[in-house]
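# Inside the fold
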Amino acid sequence: QFGRTEVIDNTLNPDFVRKFIMDYFFEERENLRFDFYDVDSKSPNLSKHDFLGQMFCTLGEIVGSQGSRLEKSIVGIPGKKCGTVIVTAEELGCCRDSVLMQFCANKLDKKDFFGKSDPFLVFHRSNEDGSFTICHKTEVVKNTLNPVWQAFKISVRALCNGDYDRTIKVEVYDWDRDGSHDFIGEFTTSYRELSRGQSQFNVYEVINPKKKGKKKKYVNSGTVTLLSFLIETEVSFLDYIKGGTQINFTVAIDFTASNGNPSQPTSLHYMNPYQLNAYGMALRAVGEIIQDYDSDKMFPALGFGARLPPDGRVSHEFALNGNPQNPYCHGIDGVMEAYYRSLKSVQLYGPTNFAPVINHVARYAASVKDGSQYFVLLIVTDGVISDMAQTKESIVNASKLPMSIIIVGVGPAEFDAMEELDGDVVRISSRGRFAERDIVQFVPFRDYIDRSGNHVLSMARLAKDVLAEIPEQFLSYMRVRGIKPSPAPPPYTPPIHVLQTQI
């Protein structure tokens, strides 16, 4: 049990006030259950109250609904309509701000024997226990007692942990080559003070306590002035989802002969009536999370590397449902059904070409660059890629489009080439052109198989890893293009129930 709302007396249309704060992870399936009770006494024991029904959903479903508002039927009492529940979610945005600040100093103490000082600033935030943590260092400005430092950007969380009145300590040092930097002095401030911007309040005397204790006539060791203070609110992945951006999910499955004959238990495509094969697990693990962010739940499902009936032509981009004009399947269940059907009708062949399916999704992504849609392609494969040069070319081209590619490698093959496509270590390039951003995430499924044979765990781990990079890849596209989230639809207001009186 996570929490309970307040009790609202004598109503069939309650509007609950209590909010619940939960951690949200795009890459995890977070299952929720809401139970409804009619409270008859003061007892905290639920069995003493009448059960009115329940509703099941995922946190992703609520967040992914239009305006992050989910309306769903309450179920659980056989043969009875139990009403509906409306759940809304909002992201807590208090710590998403960053600040762009610039400082200069005047008449700092001269520390170097030959030249003037080489000053830099060190910022510390204070912790709950009174200790200090370094959160920023400026660059060193050489040979001056009146430095102007470059503007720098820092998150409000790093600067003061979101607490506007917490002490921020700033130390001024003279840089020395051997690392024994000389302390010039220090001052304290707070986010609230700094946020007044350039003013007489933000000119600080730099004090060296040792000097102050020794010299009666000591005034200060110079002054530091805030030149500018600009707050930038970072937009988040959820801001776009709330504003209606849809995530389109496409699946591409490897039907090459190296997978083994599907009728044999050794095949990666073996249709075991009792459990999913590795392809099925990868599809379900990723698909079940992404489908919460796609309003129509229609997913194109493609296959590659097979000979198709009736004439046995080889295709690297065929519709799993057998309909090239409309390759869409309904929900992840529809994708699984089409996958099993095509295993019965096509002949596994080869080679393993990725470029056609990447280009297929890229064509759609190229037609909607306004930020209203983002495309995720999941490729599940057993193997060694045959068209490496063309695939790299496709990925470099796709890196300019609103799309991400997830590759899950199944089976025991060597996946060295896939690691190269991932681009985490070395940015992928083709014919001298580099990918604009990293859009590929590769993982070998064997790393996720739970030793005890718990497939639910294997699938959750796989989804977590392959989807973790998607929100950042999504944001990097939107940032580069300067696309801002659309405003969310207005909040829901419940209808006013008119009481009818009988005459």
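Everything numeric in this text was worked out from a predicted model, so none of it was measured.

## Looking at the packing of aromatic side chains
The final tally for this structure, using the stated rule, is 23 aromatic pairs. Counting every residue linked through ring pairs, the aromatic cluster contains Phe26, Phe237, Tyr240, Tyr293, Tyr374 and Phe474. When the ring centre of Phe132 is taken as reference, the NZ or CZ atom of Lys169 above it lies at 4.5 Å. Positioned above the aromatic ring of Phe201 is the side chain of Arg196, whose terminal nitrogen or guanidinium carbon lies 4.0 Å from the ring centre.

## Overview of the UniProt feature "domain: C2" (unreviewed entry) in the protein
The feature "domain: C2" (unreviewed entry), as given by UniProt, occupies residues 1–72 and 81–204 in the numbering adopted here. Spanning residues 1–72, this segment combines 8% helix with 29% strand, and its end C-alpha atoms are found 20 Å apart.

## Concerning helix α11 (residues 455–467)
Look at α11: 18 Å from first C-alpha to last across 13 residues, which is about the 18 Å you get at 1.5 Å a residue. Restricting attention to buried positions, one finds in α11 the residues Ser458, Met459, Leu462, Ala463, Val466 and Leu467. All buried residues of α11 project into a common sector of 135° when viewed along the axis, lining one side. Where α11 is buried, its residues meet α6 (278–290), β21 (403–409), β24 (440–444) and α12 (470–481). Regarding α11, its N-cap is Asn454, as a side-chain oxygen of that residue lies 3.0 Å from the backbone nitrogen of Val456 further along.

## Some thoughts on the sheet that holds strand β7 (residues 132–137)
Strands sit in the order β7-β6-β9-β10 across an open sheet of four strands; the sheet is antiparallel. The sheet terminates laterally at β7 and β10 (182–190), the two strands that pair on one side only. Between one strand and the next, the sheet's axes are offset by a mean angle of 30°, whatever the strand orientation. In this sheet, strand β9 (residues 167–174) lies alongside strand β6 (residues 119–126) in antiparallel orientation, the contact comprising seven bridges. Pairing of His124 across the sheet is with Lys169, part of β9.

## Overview of the UniProt feature "domain: VWFA" (unreviewed entry) in the protein
In this structure's numbering, the residues bearing the UniProt feature "domain: VWFA" (unreviewed entry) are residues 248–449. Across residues 248–449, helical content stands at 29% and strand content at 26%; the span's end C-alpha atoms are separated by 27 Å.

## Looking at the pattern of salt bridges
When their charged atoms lie close together, side chains carrying opposite charge are able to pair. Applying the stated criterion to the full structure yields 20 salt bridges. Between Glu288 and Arg284 there is a salt bridge, with the nearest N and O atoms lying 3.0 Å from each other. Taken together, the positions of Glu288 and Arg284, both in helix α6 and four residues apart, correspond to about one turn of that helix. What makes Glu288 partly exposed here is its relative accessible area of 22%. Across the pair Glu420 and Lys392 runs a salt bridge whose closest N-O atoms are separated by 2.5 Å. Here Glu420 is found in helix α10 (residues 416–422), whereas its partner Lys392 is found in helix α9 (residues 388–398), with 28 residues between them in sequence. A relative accessible area of 18% places Lys392 in the buried class.

## Quick word on a nonpolar patch on the surface
Taken together, the side chains of Phe2, Phe20 and Met22 present a nonpolar region at the surface, about 300 Å² in accessible area. With respect to the helices and strands, the residue Phe2 is situated in the segment before β1 (31–38).

What counts and what doesn't
- Residues numbered from 1 in each chain as written.
- Predicted model: local features only at pLDDT ≥ 70, side-chain atom pairs only at ≥ 80, totals over all residues.
- Heavy atoms only, no water.
- Phe/Tyr/Trp six-rings, centres within 6.5 Å; stacked < 30°, edge-to-face > 60°.
- Lys NZ or Arg CZ within 6 Å of the ring centre and 35° of its normal.
- UniProt positions renumbered as here; feature names shortened; annotations may be inferred.
- Helix = DSSP H or I, 4+ residues; strand = E, 2+ residues; numbered from the N terminus.
- Expected span 1.5 Å × (residues − 1).
- Buried < 20%, exposed > 50% of the residue type's maximum accessible area, 1.4 Å probe, protein only.
- Arc of directions from axis to C-beta.
- Contact = heavy atoms within 4.5 Å.
- Polar contact = N/O pair within 3.5 Å; in protein donor to acceptor, adjacent residues only side chain to side chain.
- Pairing = 2+ DSSP bridges.
- Axes fitted to C-alpha atoms, helices over the stretch in contact; angles between N-to-C directions.
- Salt bridge = Lys/Arg side-chain N within 4 Å of Asp/Glu carboxyl O.
- Patch = residues over 30% accessible without salt bridge, like charges linked within 9 Å, V, L, I, M, F, W, Y side chains within 5 Å.
- Areas by Shrake-Rupley, 256 points an atom, 1.4 Å probe, with all protein chains shown as cover.

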